[in-house]
Amino acid sequence: MAQDGGQGLPLAGLKIVELGHYIAGPFATRLLADLGAEVIKVEPPEGDPIRGWGSRHNGHPVWFSIHARNKLSVTLNLKDAADRARLLKLCARADALVENFRPGFLERIGLGPDVLHAENPRLVIARVSGFGQDGPYRDKPAFGSIGEAMGGLRHLTATPGVTEHAPPRCGVSISDDLAGMYTALAVAAACWGLKGNPEARGRIIDVDLVGSVFSLMEGMLPEYGLTGAVRQPAGSAILTAAPTNTYLCADGKWLCIGGNSDPIFRRLCDAIGRPEMAADPRFADNRGRCANMAEIDGEIGRWTRTLSAAEAEAVLEAADIPCSRLYDMRDCAEDPHFQARQTVMRVEDPLIGETLLHPAAPFRFDGVAPRDMVRWTGPAVGAHNHHVFSELLGEKNDG
C-alpha cells in the first residue's frame, strides 16, 4: 500500500511526532494521520504495549492495523542518550509532539518543554495524562476506567435502584478516546494559531482523561450548583426527554425508540395503536411526558413485546419515527448503509496477510473517498527506521 503524504487531505504537510503508548495519545495521532498529517510513531524496541492487546492473526495484533494506520513506526530506546538526541532531531523538524506518559516523564529524560522549545520554538507540545499536568492528583496513576469513574460517567451507567451489580463500563475505552479526540482538536487549533505569524511560539496543551469525561456531563454541574441536585442513573431512559428509551421485543431483542418531540410522539401513538394518548393533556408537551414517563414507557413496551425487533422497527420506520435495533458488530459490518457510505471498508493488510474490515475515518471531505483516507495499515515495529532516520533526518547509519 502506497505510503504517500496524504495529498488532498486537509492536514497534508503537518508533521507530528507521537511519543505515546496504549490508547489516548495514539488515538489522537490516528485521527490526525487520517486527516493527512505525517505521523512518526516512536516505539520502544519491543513495541507499543498495545501490540499485545486483542486477537492476533499470523502472529500480529489485529487491532494495531487500525490503531497505527497511516503512521510511520520508528524504534528508540529513550534510556539511551543517542536515541534521545534522535528524538530531539525529530522534534526539531516537527510541527507537534503528542505524548501521553505520566506527568514529568519528558523532564526526567531531559526533554522537557524548555529543551524542546530551545530546539524548536514553534513546536506544539500536547501532553495527555490521567489527571493533568498539575493539581494534587497529578502524579496518581490512571487508566481509562478511572477517567470514567471520576469524571462522573460510571455513576450514570448504574441500573437505577440496583446496588448488587457494579455499574458497567460502556464497553470501549471511552475516556482515552475522548481525550484523544480533544487532543487532536487542540493540536490542529494550536497549529492554526501559528499560521501566518513567524513570531508565534508553540503552545503546550494539557488534556486529561478525567476532565475529558467530565466535559460530557451536560447541565449537571450548574444544576448542582444552583439547587444541590445530583443527577441519578436513569437506565436506558433520559430524564429530560420522553419518550426515549429501549424496549424489549417478542424475540428477546431490544429496540431503541426516540419519540420525544410533539409531532413524533403523535405519530408514535398512532403507530402503536394508541392515538388517544396523543390527545391526553398530560402528554401534550415534553415536560408533561417526562412527569408521566413510566406510564408512557409501559404502553410502548406492551406494544413492542407483541412483535419481533425487526417487525417493530419496520412499523416505526414507516411512520418516520427514530428507532433502531441494538446493533452488535455483525449488524454494523453487514448493514447496507454502513457499506454504502464505506463506514465499513475492506483494507489489505500486508503485515497480517489478509483483507481486514476497517472503520472509516469519522469525517468526510468532498473530493476524497473514505477509502483513500486509509493510506496504509499499522506497520511492523520499526518498519520505517531507515526512511525516517536516513532519508528524513539524513543520518548515514540508521542503526
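Everything here concerns the structure above.
Taken together, the 3 strands give an open sheet; going across it, the order is 9-10-11, and neighbouring strands pair in antiparallel fashion. Every interior strand has two partners, whereas the edge strands, strand 9 (244-248) and strand 11 (323-325), have only one. If you compare each strand with its neighbour and ignore which way they point, the axes differ by 20° on average. Sheet contacts for helix 14 (residues 293-304): strand 9 and strand 10 (254-258); angle to strand 9, the most-contacted strand, approximately 35°.

Take the state of the cysteines next. For the structure shown, the criterion picks out 0 disulfides. The thiol of Cys91 is not disulfide-bonded; the next cysteine sulfur, from Cys191, is found 13 Å away.

What follows deals with the sheet that holds strand 1 (residues 15-19). Taken together, the 6 strands give an open sheet; going across it, the order is 5-2-1-6-7-8, and neighbouring strands pair in parallel fashion. With one partner strand each, in any of the chains shown, strand 5 (71-75) and strand 8 (204-208) form the two edges of the open sheet. On average, each strand axis in the sheet is inclined to that of its neighbour by 20°, with strand direction left out of account. Inspection of the sheet shows strand 1 paired to strand 6 (residues 96-99) by 4 bridges, in the parallel sense. Residue pairing for strand 6: Val17 is matched across the bridge by Leu97. Here helix 3 (residues 81-92) sits on the sheet and contacts strand 1, strand 2 (38-43) and strand 6; the angle it forms with strand 1, its principal contact strand, is near 150°.

Of the volumes computed, that of the largest pocket is approximately 920 Å³. The wall of the largest pocket is formed by 26 residues, among which Arg30, Ile66, Val172, Met329 and Pro359 lie closest to the centre. Of the residues that constitute the lining of the largest pocket, the class distribution is 18 nonpolar, 5 polar and 3 charged. Counted as a void, the second largest pocket has a volume near 410 Å³. Every residue lining the second largest pocket is counted, 22 residues in all, and those nearest its centre are Tyr22, Asn100, Ala142, Phe143 and Leu209. For the lining of the second largest pocket, the secondary-structure elements that each account for two or more residues are strand 7 (124-129) and helix 6 (144-151).

The rules behind these values
Residues numbered from 1 in each chain as written. Predicted model: local features only at pLDDT ≥ 70, side-chain atom pairs only at ≥ 80, totals over all residues. Heavy atoms only, no water. Pairing = 2+ DSSP bridges. Helix = DSSP H or I, 4+ residues; strand = E, 2+ residues; numbered from the N terminus. Axes fitted to C-alpha atoms, helices over the stretch in contact; angles between N-to-C directions. Contact = heavy atoms within 4.5 Å. Disulfide = S-S within 2.5 Å. 1 Å grid on protein atoms, 1.4 Å probe; cavity = no way out; pocket = protein on both sides within 12 Å on 5 of 7 lines; lining within 4 Å. Points joined across faces, edges and corners; volume = space filled by probe spheres on them. Nonpolar A, V, L, I, M, F, W, Y, C, P; charged D, E, K, R; others polar.

Geometry only, nothing functional implied.
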